[in-house]
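This is what each chain is made of:
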Amino acid sequence: MELQGTVKKIFDAQTFASGFQKREMVILTQEQYPQPINIEFLSDKIGLLDNLKEGENVKVGINIRGREWVSPQGETKYFNSITGWRVEKVLDNGSEPTQAAPSQSASSVSNENPFAGDDDDDLPF
């Protein structure tokens, strides 16, 4: 899956006692009701965030992961996480089609009215 949005926040890398590392980024989606989405980058993927800055538009390849946890009281809970595995910078108008610039030959088009010499008025009204 992919998410596209503007980088809102990039957090520092966290290293845990087990040696596990993660780094998180929040992107703000670009839709009618923008959503701040937290994305985790794990282990060898944390370096993908090194060249990003807040405010940049990005497209992020993600996986959605789920976990089941049983509390000491026997209650089962479910948790979801969004894990990033690829990041691409997107131009500011990334999803907008680009408009071609007019060509030089367009300036040779005549501005004369092609019907100016037509005295034949055969309109029914």
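Structural data are supplied above this passage.
For clarity, every value in this text was computed on a predicted model and none was experimentally measured.

Observations regarding the overall build of the protein chain
Here is step 1: Helix and strand content of the protein chain: 0 helices and 6 strands.
Here is step 2: Moving toward the C terminus, one meets the helices and strands of the protein chain in the order β-β-β-β-β-β.
Here is step 3: Residue burial in the protein chain is summarised as follows: out of 125 residues, 22% are buried.
Here is step 4: Taking all contacts inside the protein chain whose residues are at least 6 apart in sequence as the whole, residues at least 24 apart take part in 50%.
Here is step 5: For the protein chain, the exposed area adds up to about 9900 Å²; of that, 49% sits on carbon and sulfur atoms.

Describing the pattern of salt bridges
Here is step 1: All chains considered together, the criterion is met by 6 salt bridges.
Here is step 2: Of the charged contacts in the structure, one is a salt bridge between Lys-22 and Glu-40, with a shortest N-O distance of 3.3 Å. Taken together, the positions of Lys-22 in strand 3 (residues 21–29) and Glu-40 in strand 4 (residues 36–42) put the pair 18 residues apart, joining distant regions of the chain. For the pair Lys-22 and Glu-40, one class covers both residues: buried.
Here is step 3: Between Arg-86 and Glu-88 there is a salt bridge whose closest N-O contact spans 3.7 Å.
Here is step 4: Residue classification places Glu-88 among the partly exposed residues on the basis of a relative accessible area of 34%.
Here is step 5: Linked by salt bridges that have partners in common, Glu-2, Arg-86 and Glu-88 make up one network.

With respect to the pairing of strand 6 (residues 76–89)
Looking down a regular strand, the side chains alternate between one sheet face and the other.
Here is step 1: In the sheet, strand 5 (residues 57–70) pairs with strand 6 via 13 bridges, with the strands oriented antiparallel. Its bridge partner lying in strand 6, Ile-62 is registered against Gly-84.
Here is step 2: Remark: 5 residues form the turn of the hairpin made by strand 5 and strand 6, two consecutive strands paired antiparallel; Gly-74 in that turn has positive phi of roughly 90 degrees.

Describing the environment of Gly-55
Here is step 1: Within the fold, Gly-55 resides in the loop between strand 4 and strand 5.
Here is step 2: For the pair Gly-55 and Lys-9, spaced 46 residues apart in sequence, the C-alpha to C-alpha distance is 8.5 Å.
Here is step 3: Those residues in contact with Gly-55 that lie beyond four places of it in its chain are Thr-6 and Val-7.

Parameters and conventions
- Residues numbered from 1 in each chain as written.
- Predicted model: local features only at pLDDT ≥ 70, side-chain atom pairs only at ≥ 80, totals over all residues.
- Heavy atoms only, no water.
- Helix = DSSP H or I, 4+ residues; strand = E, 2+ residues; numbered from the N terminus.
- Buried < 20%, exposed > 50% of the residue type's maximum accessible area, 1.4 Å probe, protein only.
- Contact = heavy atoms within 4.5 Å.
- Areas by Shrake-Rupley, 256 points an atom, 1.4 Å probe, with all protein chains shown as cover.
- Salt bridge = Lys/Arg side-chain N within 4 Å of Asp/Glu carboxyl O.
- Pairing = 2+ DSSP bridges.

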